[in-house]
Amino acid sequence: MRFLLPLLAFLLPSVHGQWKVDEGLQMACNQTGSMDSWHQRDDAQSAVGDKCAMRFNVATRDQADADEFCQLYAPWRFEKAVREDAGRPTVTCHVEATFTCRTGWMQMFGYCFRMPDKNLVANFTDAQDICAKEHGVIAYMHHRYIVGVWRRFFHGVSQVWVRASETWDQYIQKTNRVDGDALALAFTGIHYNFAVPANSLIKIDPSIRLQVLCQYKPNNTAAEVSYLGRRYSEIYYPVVQTDNGILVRTASSYTRSSKNKDMCKKAVKPFMSYISGPFLSNKEALTTLRQTNFPLTWMYRAGVDSDQDYKALSSSQIQQSCSKHFYVMNDDGEIWSTPAKQSTKCTMLSYAINTLQGTMLYQMPDARSLPMWCALGQKVEFKYRTDDGYTLYHRKNGEVVGHKLVTTEVTYDEAKKLCMAEEGLVSGVNSDDEAEKMTEIAKKAGLDTKQIWLGGKRRAECNQIDGFSEDPNSDCGRNNVIMWEHNVATAFYDHWWRNGEHHDNPSYWKGQQNCLTLVVGSPAWSGSITAGFLDDISCASKHPFFCTKPADIDEESLWGKS
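Nothing here was measured: the structure is a model prediction, and the numbers come from that model. (Residues numbered from 1 in each chain as written. Predicted model: local features only at pLDDT ≥ 70, side-chain atom pairs only at ≥ 80, totals over all residues. Heavy atoms only, no water.)

Some remarks on the environment of Lys-217
Right, so step 1: With respect to the helices and strands, Lys-217 occurs in the loop between strand E15 (214–216) and helix H5 (222–235).
Right, so step 2: When its relative accessible area of 41% is taken as the criterion, Lys-217 is described as partly exposed.
Right, so step 3: Here Gly-110 takes part through its backbone oxygen, which lies 2.9 Å from a polar atom of the side chain of Lys-217. (Helix = DSSP H or I, 4+ residues; strand = E, 2+ residues; numbered from the N terminus. Buried < 20%, exposed > 50% of the residue type's maximum accessible area, 1.4 Å probe, protein only. Polar contact = N/O pair within 3.5 Å; in protein donor to acceptor, adjacent residues only side chain to side chain.)

Take a look at the structure:
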């Protein structure tokens, strides 16, 4: 394969929460000039993820070469590679982001990766702690292309700690100087303590200090379940895509009983998700099933499952006893009927589908043994949960976080330690509304006039100037001079600053105000000025503080109780 393009430098955004779009793929799609192909998922419960057909000016030998190229340069869920040899050779990589990663994390092969700080080096134990504070773990080598992908997406990386299964042991190189039991990936191969060929996998002394690469597994999504269904179909019975998920066919045959849901649990184990139960038919799903070529399989049976389950259809089903048709009433009141070969007895209310004969519906005795269709992934609204004491807040960017007020007055460094002890961080603010909600929490706790620590700190390179630079584009400009630590928020705005009677903030008074607070009420220094809610202050002073952590999706609300 001859790559005729420079390495791509995909800019990354910043941490926390659940997202409605994968920003990494959106940025990559834009950078490759492919936004005309961009398709954003309809909502967080969509069975189709974010998609892009990224075009690259690259010559490849054959289709296999093009497929390999796409997996190296577009590491989302791979759909297909389209080669174009006429004129200037190109490869178009069709990919889907089935998951959504938090801002600042890049999705690769179904996981989210991030380097907290490319200038940071740590021993193996400290690296584990650093990733834990990012709500992740040390990066794992999941895929055969992962080394090349990491190197292309994380510029400036030299050597990093990693984890891998024993199948990678055959590739481990000895350093003959600092060999040990901690696994690392030496991209450049050159380190103060060792020298090995580039891209070597090594096991070394865990006390050596290397760069840190973290990962986490995002929450499952309907789009990922649909992707797994397509892959599952490559090696097993084809799954059937519906508007709100997929249908999975069991391999074994069963009689109809109250245990059918347990059988479905086993059938969908490869999807690592909760099931919504046996297949409840509607017109659209039955129409889709016509495209399959399976013989008799069980479908929903009235009379065995609870009345609540029977009524759980998005479109109500009506079966008239001893009729010659099976009736479906859709949401518009339209009656759609399919001829059904019925038993002469009206007591058999179970039905089977025969897709070999135009999706015929048959009444069946319960004792008949047949395979069964199971439904996976019903559309529901997400519910979020967080730890006790934390108040949920839904940010406009789709992120959901929890904030907890701690009224104990401590220094900024002490506040950081106390939040980290709860696997959280000192809070950030992303909007006027979020600041208002946090102010309400403080006032309910009796803090009517207080300054409360937030997770922002002055840039070290700006310590030599008074206050802030008048140049808004400078790193030391008013809205850049303080930066959010650990990416707990994303920006600052002029109107957020609470000014004093005789000074504008952030003032960096006497060169001692390096930390950030939320201003509640009207402290004496602000006089009659009440607009704005941020102030810089000495890190050694003592104040209450807010802790934050990302909210988790309640999985029962995502896939229903099992």
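Focus on the sheet that holds strand E4 (residues 106–108)
Right, so step 1: One open sheet accounts for 4 strands, arranged E4-E5-E15-E7; its pairing is antiparallel. A strand with exactly one partner marks an edge of an open sheet, and here the two such strands are E4 and strand E7 (137–138).
Right, so step 2: Both strand E5 (residues 111–114) and E15 contribute to a ladder of 3 bridges, which runs antiparallel. Counted as the bridge partner of Phe-113 is Gln-215 from E15.
Right, so step 3: Against the sheet, helix H4 (residues 146–153) engages E4 and E5, with an angle of about 160 degrees to E4. (Pairing = 2+ DSSP bridges. Contact = heavy atoms within 4.5 Å. Axes fitted to C-alpha atoms, helices over the stretch in contact; angles between N-to-C directions.)

Side note on the state of the cysteines
Chemically, a disulfide is nothing more than a covalent bond linking the sulfur atoms of two cysteines.
Right, so step 1: Under the definition given, this model contains 7 disulfides.
Right, so step 2: The residue that forms a disulfide with Cys-29 is Cys-52, at a sulfur-sulfur distance of 2.1 Å. Disulfide Cys-29-Cys-52: torsion about the S-S bond near 80 degrees, hence right-handed. Linking Cys-29 in helix H1 (residues 23–31) with Cys-52 in strand E1 (residues 50–56), this pair joins segments that are 23 residues apart in sequence.
Right, so step 3: The buried category is assigned to Cys-29, whose relative accessible area is 0%.
Right, so step 4: Paired by a disulfide, Cys-70 and Cys-93 hold their sulfur atoms 2.1 Å apart. Given an S-S torsion of about -85 degrees, the disulfide between Cys-70 and Cys-93 has left-handed geometry. Note that Cys-70 is positioned in helix H2 (residues 63–73) and Cys-93 in strand E3 (residues 90–97), a separation of 23 residues in sequence.
Right, so step 5: Here Cys-70 falls in the buried class, since its relative accessible area comes to 0%.
Right, so step 6: Cys-93 gets classed as buried once you look at its relative accessible area, which sits at 0%. (Disulfide = S-S within 2.5 Å.)

Brief notes about the side chain of His-403
Right, so step 1: Tracing the sequence through the fold places His-403 in strand E28 (residues 400–410).
Right, so step 2: Within the local environment of His-403, its side chain forms a polar contact with the side chain of Glu-434, the two groups lying 2.6 Å apart.
Right, so step 3: Beyond its immediate sequence surroundings of up to four residues, His-403 is in contact with Gly-389, Tyr-390, Thr-391, Tyr-393, Arg-395, Ser-427, Gly-428, Glu-434, Met-438, Phe-546, Cys-547 and Thr-548.

Observations regarding unusual backbone geometry
Right, so step 1: In this chain, Asn-505 is followed by Pro-506 through a cis amide linkage whose omega measures 0 degrees.
Right, so step 2: With respect to the helices, strands and loops of the structure, Pro-506 is situated in the loop between strand E31 (482–484) and strand E32 (515–520).
Right, so step 3: Residue Phe-109 is not a glycine yet carries a positive backbone phi of 55 degrees.
Right, so step 4: Overall, Phe-109 belongs to the buried group, its relative accessible area being 11%.
Right, so step 5: One non-glycine residue, His-486, adopts positive backbone phi at about 55 degrees.

A closer look at the nonpolar core
Right, so step 1: Ranked by internal contacts, the top residues of the largest apolar core, which has 44 residues, are Met-54, Trp-76, Met-108 and Trp-150.
Right, so step 2: Only H1, E1, H2, E3, E4, H4 and strand E10 (179–186) provide two or more residues apiece to this core.
Right, so step 3: Formed by 26 residues, the second largest nonpolar core is a distinct cluster that contains Leu-405, Ala-442, Val-488 and Leu-516. (Core = buried A, V, L, I, M, F, W, Y, C linked by side-chain atoms within 4.5 Å.)

Digging into the pairing of E10
Right, so step 1: Summarising the sheet, strand E8 (residues 159–161) and E10 pair through 3 bridges and their orientation is antiparallel. Within E10, the position partnered with Trp-161 by the bridge is Ala-184.
Right, so step 2: Across 6 bridges, E10 lies against strand E13 (residues 200–204) in antiparallel orientation. Within E13, the residue paired with Leu-185 across the bridge is Leu-201.

Overview of the packing of H2 against H4
The description of two packed helices rests on the angle between their axes and on the distance between the axes.
Right, so step 1: For the pair H2 and H4, the least separation of the axes is 8 Å and the interaxial angle reads 50 degrees. One way to sum up the angle between H2 and H4 is to call them oblique. Residue-level inspection shows Gln-71, Leu-72 and Tyr-73 of H2 in contact with H4, the latter providing Gly-148, Val-149, Arg-152 and Phe-153. (Parallel < 35°, antiparallel > 145°, perpendicular 65-115°, else oblique.)

Let's talk about the sheet that holds E3
Right, so step 1: Ordered in space as E1-E3-E2, the 3 strands form an open sheet in which the pairing is antiparallel. Lying at the two open borders of the sheet, with one neighbouring strand each, are E1 and strand E2 (77–84). Looking at each pair of strands side by side, their axes are set apart by 15 degrees on average, direction ignored.
Right, so step 2: Of the pairings in the sheet, the one linking E2 to E3 comprises 7 bridges and is antiparallel in character. Bridge assignment links Ala-81 to a residue of E3, and that residue is Cys-93.
Right, so step 3: Strands E1 and E3 of the sheet are contacted by H1, whose axis makes an angle of about 30 degrees with E1.

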